[in-house]
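Chain and residue survey
Each chain, letter by letter, is given below.
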Amino acid sequence: MSVSRNRNSSKNRRARLKLNRMKYNAKKFIFSGRYIVRNALAVMIVTAVIALVVVFVSIPKKKGGQDPATANADTDTAYAMSGDQTGEPTLVLTQASMIDNIETTELAQMIADEQKVQVAAKDVQTLATSKYDMTGRFLTENDAVNIRETADPDGEVLGRLYIGGTGEVLEKGDEWTKVCSDGLTGYVATKLILMDEDATEKVEDYRVKFAVVKDKVRVRTYGNEASEVLFLAVTGDFFTVDSKRSTKDWTCVRLEDGSFGFVATQYVTFSEGFAEAVSIDEIEGMKDRKKAYKAQVEADAKAEKEAAELAAKEAEERRNRDVLKEKADAAKREQEEQLQAQKTSITTISSSGKAVTVTTTVDELYLLAAIVYAESGSECYDAQLAVANVVMNRVKSSAYPNNIKDVIYQPYQFTATRTQNFRNALSTGGSASALRAAQEAMAGKNNVGGCYGFKFSSGIRWDLVTESYQYGCICFFSY
């Protein structure tokens, strides 16, 4: 849709303008109201002269064998005879006699001609005073007038003219007229449009405002922010304004598909002109914009919903992890409290007969249980208890560090400390049996005597062994 422009460059247009100018001059100087009295009097005088001649020619010399003077006494004639000083007869014609002898049909024709002249003068005055000359152009007062490819009610629709739509007339017809509007050429029903003088007389009433979008703005179904958004208008979009529905803050616009929408007035500027045709592509394009925006809104809503559901699921998982961690921490605290409750100096007798006191912590308990699990987790419980006692025997011996941590991490001693099983077991103790073995060993339960080492039997120098035990596949010994 665009502002209507007169296309004066066309040769046919110039020819029509010249013809209409001649018509205008004829109406103005021959039939205009300014000269109508003069011209009518001239016609009447000419008609009277002709009638006078006809009456004079038709006067009989005698009427019924009588002298004209005698006949005048018996009949109501339109003339009288009188004598002058020379004695010659003179014809006297009265006004009444002239009117009686003019044909009645001639008077009726004169009145009809006068009315036509007045109508023509009025049309010329309209042309002279109108601000917009619609000669060779058309205007539609009907809404949603289709422009078809052929002059046929079933012809393909190329575009549409909404009320006030204008354009150029290319070919006039009784039923179909070929027109061009905003570059769209086709046929419209003649009865649905006004042309030439008829269009000039009314076109000024259909001058419209256009709203031009300054920046991205939402086009809504109603003039409030709570109403549904139809689509997003971008910079440069422009629409016809419906002033009757517009308010100070909201401008009502007509869209290409014939529907109406509202935009915030602060986001548009205004211009004036005349509406023109919209093509079927523009109509379908507007429908597609609405569908695309609606689909995008639905997709965004779906994505938002899925994101919310995912966030809720993750939050639930975090809560579950937190609950599990809290339970694990509570269990650990409970074990620590239990250990702290029984945390006393553990006194044992070494192989040399000397009493040794060992004090342990919860961390050391889990550390001891982890090495038991890593070294003998798949063995029987006695083997696990024996591994724990080897560590405790080294803590008590002056030949090794005096705490569980340093004994276990002493280089080249317990190779299982480099395994993933050991690292995983540090926070859990590995297994219930490994944790139990560590606790009992710390409490003083010993099943390997004073042994300081263990390995498979193939690697032991039995000639140096002073004490040994075997549980499962593991031999425990002391040199």
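Residues numbered from 1 in each chain as written. Predicted model: local features only at pLDDT ≥ 70, side-chain atom pairs only at ≥ 80, totals over all residues. Heavy atoms only, no water.

1. Describing the packing of aromatic side chains
Short version of the rule: Two aromatic rings, drawn from Phe, Tyr or Trp (for Trp, its six-membered ring), form a pair once their centres lie within 6.5 Å of each other, and the interplanar angle then sorts them: stacked below 30 degrees, edge-to-face above 60, tilted otherwise. Starting at the N terminus, helices and strands are each numbered in turn, a helix being any DSSP run of H or I of at least four residues and a strand any DSSP run of E of at least two. Residue exposure (1.4 Å probe, protein chains only): buried if accessible area is under 20% of the type maximum, exposed if over 50%, otherwise partly exposed. Put simply, a charge is over a ring when the Lys NZ or the Arg CZ is close to the ring centre, within 6 Å, and near the line of the ring normal, within 35 degrees.
Summed over all chains, the structure comprises 8 aromatic pairs. With centroids separated by 5.1 Å and ring planes inclined at 85°, the aromatic side chains of Y132 and F274 adopt a geometry described as edge-to-face. Of this pair, Y132 sits in the loop between α5 (104-129) and β3 (137-139) while F274 sits in the loop between β16 (268-273) and β17 (278-279), placing them 142 residues apart in sequence. On the accessibility criterion, F274 (7% relative accessible area) is buried. Aromatic rings pair up to connect F414, F454, Y471 and F476 into one cluster. In this structure, R245 is placed above the aromatic ring of F260, and the distance from its NZ or CZ to the ring centre is 4.0 Å. R436 extends its terminal NZ or CZ atom over the ring of Y381, reaching a point 4.2 Å from the ring centre.

2. Here's the deal with unusual backbone geometry
Despite not being glycine, A144 shows a phi value in the positive range, around 60°. A positive phi angle is found at D196, which is not glycine, with a value near 50°. Relative to the helices and strands, D196 resides in helix α6 (residues 196-202).

3. A closer look at the sheet that holds strand β22 (residues 474-478)
The test is simple: DSSP-based pairing: two strands are paired if at least 2 bridges between them are found. To get an axis, a line is fitted to the C-alpha atoms, and for a helix only the part in contact is used. The angle between two axes follows their N-to-C directions and goes from 0 to 180 degrees.
Spatially, the 3 strands line up as an open sheet ordered β20-β22-β21, and their pairing is antiparallel. In the strand order of this sheet, the two ends are held by β20 (453-455) and β21 (467-471), each with one partner. In this sheet, adjacent strand axes meet at a mean angle of 25° when their direction is disregarded. The pairing of β21 with β22 spans 5 bridges and is classified as antiparallel.

4. Describing the pattern of salt bridges
Where we set the bar: Salt bridge criterion: a side-chain nitrogen from Lys or Arg within 4 Å of a carboxyl oxygen from Asp or Glu.
Applying the stated criterion across every chain, the model contains 12 salt bridges. Salt-bridge contacts for D143 lead to R254; the nearest nitrogen and oxygen are separated by 2.8 Å. In this pair, D143 sits in the loop between β3 and β4 (145-148) while R254 sits in strand β14 (residues 250-254), placing the two residues 111 residues apart along the sequence. Judged by its relative accessible area of 13%, R254 is buried. Its salt-bridge partner being K287, residue E284 comes within 3.8 Å of it at the nearest N-O pair. Within this pair, E284 and its partner K287 are both found in helix α7 (residues 280-341), separated by 3 residues, close to a single helical turn. The class for E284 is partly exposed, based on a relative accessible area of 36%. K287 sits in the partly exposed class, given a relative accessible area of 37%.

5. Some words on a nonpolar patch on the surface
Here is the rule we go by: Residues qualify for a patch when their relative accessible area is over 30% and they have no salt bridge, like charges being joined within 9 Å and the nonpolar side chains of Val, Leu, Ile, Met, Phe, Trp and Tyr within 5 Å. We get accessible surface area from the Shrake-Rupley algorithm with a probe of 1.4 Å; when it comes to residues, only the shown protein chains can shield them.
Taken together, the side chains of L41, M44, I45, V49 and V53 present a nonpolar region at the surface, about 470 Å² in accessible area. By the secondary structure assignment, L41 is in helix α2 (residues 36-57). Assessed through its relative accessible area of 47%, L41 is described here as partly exposed.

6. A few points about the nonpolar core
Here is the rule: Joining through side-chain atoms within 4.5 Å is the link that ties buried Ala, Val, Leu, Ile, Met, Phe, Trp, Tyr and Cys residues into a set, and such a set is a nonpolar core.
The biggest cluster of nonpolar side chains holds 36 residues, and the ones touching the most others in it are L368, I371, V372, V391, I404 and F476. Of all elements in the fold, only α8 (362-376), α9 (381-396), α10 (404-408), α11 (420-425), α12 (432-443) and β22 reach the threshold of two or more residues within this core. With 10 residues, the top contributor of residues to this core is α9. Grouped together as the second largest cluster of nonpolar side chains are 14 residues, A211, V213, A233 and L255 included.

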